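Chains, contacts and geometry: an overview
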Amino acid sequence: MGKMIVIEGLDGSGKGTQAALLLSRLKESGKDAFEIDLPNYGDDSSALVKMYLGGELGTHPDDVNAFAASTFFAVDRYASFKKFWSSEYNSGKIIVANRYTTSNACHQMTKLPQKDWDYYLDWLFDFEYCKLEIPKPDCVVFLDMPVEVSQKLLEKRYRNDESKKDIHELDVEYLEHCRFAAKYACEKLGWKRIVCAENGEPKSTKEISDLVFEVVKEYI
């Protein structure tokens, strides 16, 4: 079996950039690595995810309960694994994932009372890793970018066009709750949290990449 490294973070935290940089650095160091991006918007498996994020099932994240929304994303991950990267993982490659099951822990757990968070995490990981039998990560790196900073980065990405944001990205209060949930998951589950901003400004892409690589080296 291979190794799985997950780059996790809220919207606008730079996950895609850091996943790509990590892949390059792993290959430069002689490692056999393969990157996946989730959800897989180019595949039919993401249909319910796109409906949910696009507001077709409700215009607020809470309009779809935690377990239903989690299932949408889980099905997409299952299909992605079976169709596109199971052979790479089973042959021993390092899988670098831009988002994974861990995104549900950040985004969906907040829809429940905090007293139920441990129950939800147990349900989530049993469902995906035991019932669906998709790989369990060896390392989860959480890019902790403050929401006020990530919103500025999203504005640049979308050129201030709010219509391009999904229902998660549009709801700043929801994202603040997600950041709190992610920090909870870091403490409980041993995720590696990387502080990505100082004094209201994002750290440089290279500085964050260096911090990510230092963490990941322990697991490969």
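Everything that follows concerns the structure shown earlier in this document.
Structural notes, computed from the coordinates.

Under the definition given, this model contains 12 salt bridges. When the shortest N-O distance is used, the salt bridge between R25 and D210 registers 2.7 Å. In this pair, R25 sits in helix α1 (residues 15-28) while D210 sits in helix α9 (residues 205-216), placing the two residues 185 residues apart along the sequence. You can call R25 partly exposed: its relative accessible area is 24%. A salt bridge links R77 to E128; the nearest nitrogen and oxygen atoms lie 2.8 Å apart. In this pair, R77 sits in helix α3 (residues 66-90) while E128 sits in helix α5 (residues 117-131), placing the two residues 51 residues apart along the sequence.

With that out of the way, let us pick up the layout of surface pockets. The calculated volume of the second largest pocket comes to roughly 220 Å³. In terms of lining residues, the second largest pocket is bounded by 13 residues, among which K136, P137, V140, L189 and W191 are the most central. Secondary structure elements with two or more residues in the lining of the second largest pocket: α5 and β4 (139-144). Partitioned by chemical class, the residues of the lining of the second largest pocket number eight nonpolar, two polar and three charged.

Quick look at the packing of aromatic side chains now. For the structure on display, the rule yields 15 aromatic pairs. Taking the centre distance of 6.4 Å and the plane angle of 90° together, the rings of W85 and Y89 count as edge-to-face. Of this pair, W85 and Y89 both sit in helix α3, four residues apart, which is roughly one turn of the helix. In this structure Y89 comes out as buried when scored by relative accessible area, which is 10%. Taken together, the aromatic side chains of F81, W85, Y89, Y100, F125 and Y129 make up a single cluster linked through ring pairs.

Conventions we followed
- The numbers attached to residues start from 1 for each chain and follow its sequence in the written order.
- In view of the model being predicted, local features appear only for residues whose pLDDT reaches at least 70, and side-chain atom pairs are presented and counted only at 80 or more, with totals across whole chains, interfaces and linings using the full set of residues.
- Side-chain metrics in this entry use all non-hydrogen atoms of the structure; hydrogen atoms and water are not considered.
- Counted as salt bridges are all cases of a side-chain nitrogen of Lys or Arg within 4 Å of a carboxyl oxygen of Asp or Glu.
- Secondary structure counts use DSSP, requiring at least four H or I residues in a row for a helix and at least two E residues in a row for a strand, with both numbered from the N terminus.
- The rule is simple: take the accessible area with a 1.4 Å probe, protein chains only, and divide by the maximum for that residue type; under 20% is buried, over 50% is exposed, in between is partly exposed.
- Each cavity reported here is a set of points on a 1 Å grid over the protein atoms alone in which a 1.4 Å probe fits but cannot get out, each pocket an open set with protein on both sides within 12 Å along at least five of seven lines, and each lining residue one with an atom within 4 Å of a point.
- Grid points are joined across faces, edges and corners, and a volume is the space filled by probe spheres set on the points.
- In the scheme used here, Gly and all other residues not listed as nonpolar or charged are polar, with Ala, Val, Leu, Ile, Met, Phe, Trp, Tyr, Cys and Pro taken as nonpolar and Asp, Glu, Lys and Arg as charged.
- A pair of aromatic rings is counted whenever rings of Phe, Tyr or Trp (Trp by its six-membered ring) have centres within 6.5 Å, and the orientation is called stacked for planes under 30 degrees apart, edge-to-face for over 60 and tilted otherwise.

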